[in-house]
Amino acid sequence: MRQDQEDPYQRRSAQVYAAADRAAGSVASPRAVLYDAVLLDRDGTLIEDVPYNGDPEKVRPVPGARAALDRLRAAGLRLAVVTNQSGLARGYFTGEQMWAVHARVEELLGRFDAWLVCPHDDADGCDCRKPAPGLVYAAARELGTTPSRCVLVGDIGRDVGAAMAAGAAGVLVPTPVTRPEEVAAAGWVATDLPAAVAEILRRQQAVQPSTPPTEPVRTALVVRSDSAGDVLVTGPAIRAVAAGAERVVLLCGPRGRAAANLLPGVDEIIEHPLPWIDPAPGPVDPEAMRSLSTRLGAVGADQAVVFTSFHQSALPLALLLRMAGINRIAAISDDYPGSLLDIRHRVPVGVPEPERALSLAAAAGHRLPDGDEPVLRLRRDAVPPRPADVGDPGYVVLHPGSAASSRACPPEVATRIVGALADAGHRVLVTGGPDERAVTARVAAAGGTDLGGRTDLAGLAAIVADASAVVVGNTGPAHLAAAAGVPVVSLFAPTVPFGQWGPYRVPTVRLGDAAAPCRDTRAARCPVPGHPCLSGVDPGDVVNALRTLAVSGGGGR
Ligand SMILES: [Zn+2]
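A brief report on the enclosed structure follows. (Residues numbered from 1 in each chain as written. Predicted model: local features only at pLDDT ≥ 70, side-chain atom pairs only at ≥ 80, totals over all residues. Heavy atoms only, no water.)

Structural notes on helix α13 (residues 286–298)
Helix length check: α13, at 13 residues, gives a terminal C-alpha distance of 19 Å against a target of 18 Å (1.5 Å per residue), a fit within 8%. Measuring from the side-chain oxygen of the N-cap residue of α13 to the backbone nitrogen of E287 gives 2.9 Å; that N-cap residue is D285. Downstream of α13 by one or two residues, G300 has phi in the positive range, about 70°. (Helix = DSSP H or I, 4+ residues; strand = E, 2+ residues; numbered from the N terminus. Expected span 1.5 Å × (residues − 1). Polar contact = N/O pair within 3.5 Å; in protein donor to acceptor, adjacent residues only side chain to side chain.)

Written out as structure tokens, the structure is:
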């Protein structure tokens, strides 16, 4: 089913349940930052899975379902069911029987704002059978929102895959039939439906300040050290701070400077390495630390918000900020901060980095204003025009490298991917930094155009913004794609959690072995001979992933 066509089952569902009228009155005010709607798989998620059931008498809700759904309704979230019912295509039950089952589900679990059903089986090659994203797009449309403001709860990899391919969040609630590799690949896993609901509501709440700042903030100092990707994923939180402050000064490191230049909401940038953050630090230079402290004091900030990732400490900088005379300091710290922090914030493992940072901004009293979605964004005036010689938009960008080699695509795999994409009719641009020219030349020789070393980060952002899709590992350009709303085929080495570092709120297909031995090692160099998490990627799967993302060979999207 194309997105602009109507499926008879979906049209009927909208008529029966009048979704739009009900949705209009239930929007929370002020608008929730993260989600408008929760989409739920039916069999194995809401009710016990009775294969090809056409009998209302056999409907059994999973434990705690009614109370969990009522919590979502009470929070102003709209609810839709998104379900594959291939029994229709196979003639195991009729449409009438299925709607009798759905009526029974509503009798037991309360009303849903929309029901979206795929009546096909795999052989039909439709665009709505999960893991294709068609039902998620249709549900979002029925509910008057967008996929990125939806979170889908399901019990198998097809559910999570459909959510991600539409740019929605996906929560996996495994059952005994869920395959271990599906659990490993999911970025967000909950033990049961009530736990999934509790975490959805917790995350939604965590990015809304419970109290506004007690005093107005004239100048806020925000800090995000480390590399380009780290700076980019902190963008939404920095915009939230900027919405509540007259002036924002960003302290970043040398490796994040180019990304810092691209962030909206930043008025001034201070660049300085932090030896307790950088991966290859020089020795601590007391004079440099004294001069940094003096420089930070001269900012005149009345609030500092120190952003870090989950294995970095904010406390050494907090001490420097205290010595610089800054009185209101907020940071995430599991370690005891003593009197270094005024707001000590804590976040569970697994929360996407942009939300983790937004929750710290919220703890410091800031939220994104209505109308500013919590997506990654770049300053338009900081991105140069795309070079004319790369051709018209509609190409696929393949970026094989990464500053951390453990997260780079092996060159021989990237070479075969370029060949497969070219064979499928895709125009491929191969990008990389100045030190990656040898690799990009070799990879592009298989049928792409070599742009290795041609661009700085802003120039790469321009090329990525006009791509139909980007094929990339867990590295900065994946976040540039997310910032441009360009779909990502993520060749994701599992050294860090996908749920934290995967491309945020953009249609994504994840490839690679999520259960490889490098999982959660945070290794910068692959600790396993042969780099098995990515060396087994099948180039045909990349071609199929682009099809799932509705990116066609021949230029269109
Ligand atoms: Zn279908």
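Text resumes after the structure shown.
A look at the coordination of the zinc ion
Taken together, the protein donors to the zinc ion comprise C118 (SG), H120 (ND1), C126 (SG) and C128 (SG), at separations of 2.0 to 2.3 Å. Taken together, the 4 donor atoms surrounding the zinc ion define angles of 98 to 114° at the centre, an arrangement classified as tetrahedral. The sequence pattern formed by the donor residues of the zinc ion is C-x1-H-x5-C-x1-C. Comparing C118 with C126 shows no difference in burial state: the two are buried. (Donors = N, O, S within 2.8 Å, 3.2 Å for Na, K, Ca; no water. Tetrahedral: all angles 85-135°; square planar, octahedral: opposite > 155°, others 65-115°. Buried < 20%, exposed > 50% of the residue type's maximum accessible area, 1.4 Å probe, protein only.)

Here we look at the side chain of R203
For R203, the location among the structural elements is in helix α9 (residues 193–206). On the basis of relative accessible area, R203 is assigned to the buried category, the value being 6%. If we ignore the near neighbours within four places in the chain, the residues touching R203 are L34, W188, G350, V351, P352 and E355. (Contact = heavy atoms within 4.5 Å.)

Points about the packing of aromatic side chains
Per the stated rule, a full pass over the model turns up 3 aromatic pairs. Where Y52 meets Y92, the ring centres are 4.5 Å apart and the plane angle is 70°; that geometry is what we call edge-to-face. Of this pair, Y52 sits in the loop between β1 (37–40) and α3 (65–74) while Y92 sits in the loop between α4 (86–89) and α5 (95–109), and the two are 40 residues apart along the sequence. Ring geometry for F492 versus F498: centroids 4.8 Å apart, planes at 85°, classification edge-to-face. Lying over the aromatic face of W188, R203 brings its terminal NZ or CZ to 3.6 Å of the ring centre. (Phe/Tyr/Trp six-rings, centres within 6.5 Å; stacked < 30°, edge-to-face > 60°. Lys NZ or Arg CZ within 6 Å of the ring centre and 35° of its normal.)

Focus on unusual backbone geometry
In this model, K130 is joined to P131 through a cis peptide bond whose omega is 20°. With phi around 50°, Y52 is a residue other than glycine that occupies positive phi space. The exposure class assigned to Y52 is partly exposed, which follows from its relative accessible area of 38%. One non-glycine residue with positive phi stands out, namely D226, at about 80°. The buried category is assigned to D226, whose relative accessible area is 10%.

Considering the sheet that holds strand β17 (residues 508–511)
Reading across from one edge, β14-β13-β12-β15-β16-β17 is the order of the 6 strands in this open sheet, with parallel pairing throughout. The strands lining the two open edges of the sheet, one partner per strand, are β14 (449–450) and β17. Note: strand β12 (residues 396–399) against strand β13 (residues 428–430), 3 bridges, orientation parallel. Residue pairing across strands places V397 opposite L429, the latter belonging to β13. (Pairing = 2+ DSSP bridges.)

Quick look at the pattern of salt bridges
For the structure on display, the rule yields 31 salt bridges. Here D230 ties to R224 by a salt bridge, and the two come within 3.3 Å at their closest N and O atoms. Both residues of the pair, D230 and R224, belong to the buried class. The salt bridge involving D372 is made with R239; its shortest N-O contact spans 2.9 Å. Of this pair, D372 sits in the loop between α15 (353–363) and β12 while R239 is found in helix α11 (residues 235–243), placing the two residues 133 residues apart along the sequence. (Salt bridge = Lys/Arg side-chain N within 4 Å of Asp/Glu carboxyl O.)

So, the sheet that holds strand β4 (residues 150–154)
As summarised here, the arrangement of the 5 strands in space is β3-β2-β1-β4-β5, forming an open sheet in which the pairing is parallel. Each edge of the open sheet carries a strand with a single partner, namely β3 (114–118) and β5 (169–172). If you compare each strand with its neighbour and ignore which way they point, the axes differ by 20° on average. Where β1 and strand β2 (residues 78–84) come together, 4 bridges link them in parallel fashion. What sits directly across from L40, in β2, is V81. Where α5 meets the sheet, it contacts β2 and β3, and its direction lies at approximately 145° from that of β3. (Axes fitted to C-alpha atoms, helices over the stretch in contact; angles between N-to-C directions.)

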